[in-house]
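# Results of the structural survey
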Amino acid sequence: MVDKRPEPLRLGSIAPNFDAETTKGPINFHDFIGNNWVVLFSHPEDFTPVCTTELGAFAKLEPEFTRRGVKLIGLSANTIDSHGQWIKDIDEISGSNLQFPIIGDKQRQVALAYDMLDHQDATNVDSKGIAFTIRSVFVIDPKKTIRTILSYPASTGRNTAEVLRIVDSLQTGDKHRVTTPINWVPGDDVIVHPSVNNDLAKDLFPDFKIIKPYLRVTPLPKEKTSAA
Ligand code: BEZ
C-alpha cells in the first residue's frame, strides 16, 4: 500500500510516466503520448452510471479529437477484464464503438501518481468500496506537459464539448500568440497576447481592435484558424 501522496501535479508539470495494462494491451505512457496531444480521463469504478454515459460520449467524439492530433485514453480503477465487459454495455447504451484504450488501475497507482484521489487516505476506499473521486481530465501536449487539469464530483457528468474546446483554445494559442476569452469557440475573435506590442499586433493581426490597452481583440486570419 502506498501511504504517501506524491507532490501535487500542477499546470506545467511533466505528466508522470508509468507502465500499465490497458484494454488495447500494455503501454508505457510517455511512449503512448509520442508526438501527440493526449486527453487522459479517469473513473473510480466500472459499471457506474455517470461514467458510463461519459465514456460513450468520448467514444462518439473521438474522430474530432483525432482530427486535432489528440489521442484519448481512459482509466478506471478496475481490471481490464472488467473494462472489456463494461465497454460492451457502454456501446450498447450509447450507440458508440469505443476504440481508445482504458487503463486498468485496480491498485489506483496511476490515480495516486496523478493526484486524482480525494481527501481520504491513499487507498481511498469509502464505505461502498468506490474510490473517490478519480474523475479527472488531463490535457497533455506533445512535450508531455500538463496543460489542463479538471476534476469532477461523482454527481456531475463531464462535458466532452468543453474538453474539445479547451484543446482548440490551447492549440490556437500555441500557434498564434493569442488567448481566448470567456465562452470562446473556434471562429470567434481571440485576444492578442499581452507580450505582443501594438506594432507587432498590426503586422500579425491587421484587424485587431484596442478595447482597453490591456484588452485587444482580433479575428484570426482565415488561413491561421487551427480548428477549421
Ligand atoms: C457514477 O455514477 O459514474 C459514479 C458513481 C459513484 C462514484 C463515482 C461515479
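Residue indices follow the written sequence of each chain, beginning from 1 at its first position. Only residues with pLDDT of at least 70 get local features here, since the model is predicted, and only at 80 or more are side-chain atom pairs given and counted; chain-wide, interface and lining totals rely on the full set of residues. Side-chain numbers come from the whole structure's heavy atoms, not from hydrogens or water.

The name an unreviewed UniProt entry gives the chain is Thioredoxin domain-containing protein, with Cyphellophora europaea as the organism. Database annotation for the chain, UniProt heading Function (unreviewed entry): "Thiol-specific peroxidase that catalyzes the reduction of hydrogen peroxide and organic hydroperoxides to water and alcohols, respectively." Looking at the chain in UniProt, the text filed under Sequence similarities (unreviewed entry) is "Belongs to the peroxiredoxin family. Prx6 subfamily." UniProt positions are given in the numbering used here, feature names are shortened, and annotations may be inferred rather than shown by experiment.

With that settled, consider the UniProt feature "active site" (unreviewed entry) in the chain. The UniProt record annotates "active site" (unreviewed entry) at Cys-51. Within the element layout of this structure, Cys-51 appears in helix α2 (residues 49–67). A contact between two residues is defined here by any heavy atoms of the two lying within 4.5 Å. Leave out the neighbours within four places in its chain, and Cys-51 touches His-43, Pro-44, Trp-86 and Arg-135. Helix numbers and strand numbers start at the N terminus; a helix is a DSSP run of H or I with at least 4 residues, a strand a run of E with at least 2.

Think of a pair of aromatic rings as described by two things: how far the centres are apart, and how the planes are tilted against each other in angle. We call Phe, Tyr and Trp rings a pair once their centres come within 6.5 Å, taking the six-membered ring for Trp, and we label the pair stacked below 30 degrees between planes, edge-to-face above 60, and tilted otherwise. Inspection of every chain in the model, using the stated rule, returns 9 aromatic pairs. Between Phe-18 and Tyr-114 the ring centres are 6.0 Å apart and the planes differ by 85°, which places this aromatic pair in the edge-to-face class. Placement of the pair is Phe-18 in the segment before β1 (19–20) and Tyr-114 in the loop between α4 (109–113) and β6 (136–140), with a sequence separation of 96 residues. For Tyr-114, a relative accessible area of 1% puts it in the buried group. A centroid spacing of 5.6 Å and a plane angle of 75° characterise the contact between Phe-41 and Phe-100, whose relative ring orientation is edge-to-face. Of this pair, Phe-41 sits in strand β3 (residues 37–43) while Phe-100 sits in the loop between α3 (80–94) and β5 (102–104); the two residues are 59 residues apart in sequence, bridging distant segments of the chain. In this scheme, a residue with accessible area under 20% of its type's maximum is buried, one over 50% is exposed, and one in between is partly exposed, where area comes from a 1.4 Å probe on protein chains only. By relative accessible area, Phe-41 is classed as buried at 0%.

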